[in-house]
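# What the coordinates show
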Amino acid sequence: MAKNSNYDAKSIQVLEGLEAVRVRPGMYIGSTGRKGLNHLIYEIVDNSVDEHLAGYCDLIEVILEANGSCTVSDNGRGIPIEMHEKGMPAERLVFTTLHAGGKFNNDSYKTSGGLHGVGSSVVNALSKYLDVRVAKGGYIHHDRYERGVPVMELVNGLLPKEKRTAMKGTKINFLPDDEIFEKIRFSAEEVKSRLHETAYLNPELTIIFTDKRDGKCETIEYHEPEGLAGFVKDINRNKEVMHEPVTLHGVSEDIEVEIAFQYVKEFQENVLGFCNNIYNAEGGTHITGFKTQFTTIMNNYARELGILKDKDPNYTGVDIRNGMTAIVSVKHPDPRFEGQTKTKLDNPDAARATGKITTEEAVLYFDRNLEVLKSILSCAERSAKIRKNAEKLKSNLLTKQKYSFDSNGKLANCESRKPEKCEIFIVEGDSAGGSAKTARDRNFQAILPIRGKILNVEKASMDRVLANAEIKSMINAFGCGFSEGYGNDFDIKKLRYDKIIIMADADVDGAHISTLLLTLFYRFLPELIYQGHVYIAMPPLYKTVPVRGEGEYLYDDKALARYRKEHAGKKFTLQRFKGLGEMDPEQLWETTLNPETRRLKRVEIEDARMATEVTETLMGVNVPPRKAFIYEHATDAELDF
Ligand code: TSJ
């Protein structure tokens, strides 16, 4: 009896804990939009990856089920189901106690990605239902929750003879709660990309993804035995590479370090950091340790080989990393995170560990691969020359900037000087720019027209980027400087506008302009994206003009189909907007500028792969995928009205 009442008391406490999650879901998963929704899957999958890291599982299966739920299963030991000291099965503790995950996982790495590494109980709390099946010891154990509350006793069933020894592992099936999430449709593309990434980071793991929704059944298997080297190759797949990927690994201070890099013939560095399998969008100590030591080594080699003479200054880190694609992955027993989005690794020992392994291993490699060393150094030499040119141009640009805020070429600035109120619209073409200037609320809306297609920064060197008039006028207008690599003049506090809104036509050319601008921002002003200042305006495609009553703006063909259905039999004419230039100022105000009625999509960069994909798929030669990317992202994103 005593045991029972203890159990009840515990259950009540537990329910109160999970109730807090339902009251403020954003605190636990970041958002209740698309990002938070997909996060539920990663949260569950990470448990199986932990089991893999502990050495007990090599297969994970993820299924997007026809009914909208998600199934994740692995072939590990199965969540423990023994009675726990607290009077309930350990499995129940996992699903009903906040942060219970860590307690059972002391022997392996926590895949806590920082802010939102919250565990399976949060997923449980935010699911309409969650079914757990654990197979071990010849039995299958079944438990079920609804909105976090257990709705049955744990059932133990004997497995059929032929499965008794073979079947083991954990299987979770859950349906996100539509009372919590704005939309409950998972994004297959995003989930696949994340699973693929997980496969690259865990070369001995196989992940099978199946999408059974919409009457189809598409399966894809991710197994990447080449690991990080394969990951780097994949990122560089459309580029001209200079050598085979180089991998460095080792363990130092209990931290496992793995690094892969490969140079391409392009002006850009792309260094991605992972800690315990989680992408660190803001980088951190592991990246710093690698970069610092790599710079030192390469400068030492340059002097040894006589490429740098005594009187020459060292190459900068940015010179040396021009053209480099690298992945730095660490496994840390106790990671700490900081930064705006809590994705920046903060442990000083991680910097020491990556630094030490980089020095030891890179020297081993370069001593045996002189040609690769020399070609990287000749890249650095060329980059240094370009940098010196760029520095001249930049100092010109920055001195001019002080005086040019109000008379910046074509910028029609707003009257307010309060950045938190101000918006700037980047508008393609002088004619649309002209209408926008007439239509706007000049009190807080600035218009910057840019002409034609801006420079593709992905393919251009720094000095050419800085010499580009359109780019100069943008950087001047924003007021916050810009960054190259991680060393920078960028200062977000100086940003003059809270919202930077890309305004382009809803057609292929418009999509191209938007992606060029996004690439520019991603490369030189990434903080603007991370901190959510960049938006894309979503002008409508149609306006309906009914015989009687008010017309309606329609933003896509789905909306048009819906309108036709809802107004079946009624007569109306359809005005189709080919471009922003075709709208009169009043329409432009109503559809695209007026905060009360317009639609904006905030630009987010999901994860490492998405980020590199933005620049790759979007900048590639073929137009259709590019268009698909923008519009796909535009439609399933959280719209900000
Ligand atoms: F927690 C969860 F529901 F999110 C979840 C956990 C979801 C999925 C799909 C898998 C898992 C999971 C947990 N897979 N494998 C495990 N393993 C354990 O929890 C486990 C098993 C045995 C022992 C042991 O010490 O004997 C320890 C652990 C942590």
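Quick caveat: nothing in here was measured; it's all calculated off a predicted structure.

### Observations regarding a nonpolar patch on the surface
On the surface, a cluster of nonpolar side chains totalling about 210 Å² of accessible area is made up of Leu-305, Ile-307 and Leu-370. Relative to the helices and strands, Leu-305 is located in the loop between α9 (285-304) and α10 (317-321).

### Overview of the sheet that holds strand β25 (residues 572-576)
Across the sheet, which stays open at both edges, the three strands sit in the order β24-β23-β25 with antiparallel pairing between neighbours. The open sheet has two edge strands with one neighbour each: β24 (552-554) and β25. Each strand axis lies, on average, 25° off the axis of its neighbour in the sheet, ignoring direction. In the sheet, strand β23 (residues 542-546) pairs with β24 via three bridges, with the strands oriented antiparallel. When the sheet's bridge partners are listed, Thr-544 is paired in β24 with Glu-552.

### Looking at the pairing of strand β1 (residues 59-64)
As paired strands, β1 and strand β8 (residues 206-211) are joined by six bridges and run parallel to one another. Residue pairing for β8: Ile-60 is matched across the bridge by Ile-207. Note that β1 and strand β2 (residues 70-74) share five bridges and pair antiparallel. Bridge pairing links Ile-60 to Asp-74 in β2. Hairpin connection of β1 to β2: five residues between the antiparallel strands, including Gly-68 at a positive phi of 95°.

### As for the pattern of salt bridges
When their charged atoms lie close together, side chains carrying opposite charge are able to pair. Enumeration according to the criterion identifies 32 salt bridges in this entry. A salt bridge links Lys-128 to Asp-178, with the shortest nitrogen-to-oxygen separation between them at 3.7 Å. Taken together, the positions of Lys-128 in strand β3 (residues 127-136) and Asp-178 in the loop between β7 (169-176) and α7 (188-201) put the pair 50 residues apart, joining distant regions of the chain. We classify Lys-128 as partly exposed; its relative accessible area is 32%. Among the charged side chains, a salt-bridge network with shared partners connects Arg-185, Asp-211, Arg-213, Asp-214 and Lys-216.

### So, a negative patch on the surface
Taken together, the side chains of Glu-550, Asp-584, Glu-586 and Glu-590 present a region of like negative charge at the surface. By the secondary structure assignment, Glu-550 is in the loop between β23 and β24.

### So, the packing of aromatic side chains
Taken as a whole and judged by the stated rule, the model has 15 aromatic pairs. Their ring planes at 35° and their centres at 5.5 Å tell us that Phe-290 and Phe-294 sit as a pair that is tilted. With Phe-290 and Phe-294 both in helix α9 and four residues apart, this pair spans about one turn of that helix. Residue classification places Phe-294 among the buried residues on the basis of a relative accessible area of 1%. Sitting over the face of the ring of Tyr-56, Arg-77 holds its NZ or CZ atom 3.7 Å from the ring centroid.

Analysis parameters
Residues numbered from 1 in each chain as written. Predicted model: local features only at pLDDT ≥ 70, side-chain atom pairs only at ≥ 80, totals over all residues. Heavy atoms only, no water. Patch = residues over 30% accessible without salt bridge, like charges linked within 9 Å, V, L, I, M, F, W, Y side chains within 5 Å. Areas by Shrake-Rupley, 256 points an atom, 1.4 Å probe, with all protein chains shown as cover. Salt bridge = Lys/Arg side-chain N within 4 Å of Asp/Glu carboxyl O. Helix = DSSP H or I, 4+ residues; strand = E, 2+ residues; numbered from the N terminus. Pairing = 2+ DSSP bridges. Axes fitted to C-alpha atoms, helices over the stretch in contact; angles between N-to-C directions. Buried < 20%, exposed > 50% of the residue type's maximum accessible area, 1.4 Å probe, protein only. Lys, Arg positive; Asp, Glu negative; His and termini not counted. Charge placed at Lys NZ, Arg CZ, Asp CG, Glu CD. Phe/Tyr/Trp six-rings, centres within 6.5 Å; stacked < 30°, edge-to-face > 60°. Lys NZ or Arg CZ within 6 Å of the ring centre and 35° of its normal.

In short, geometric facts, not functional conclusions.
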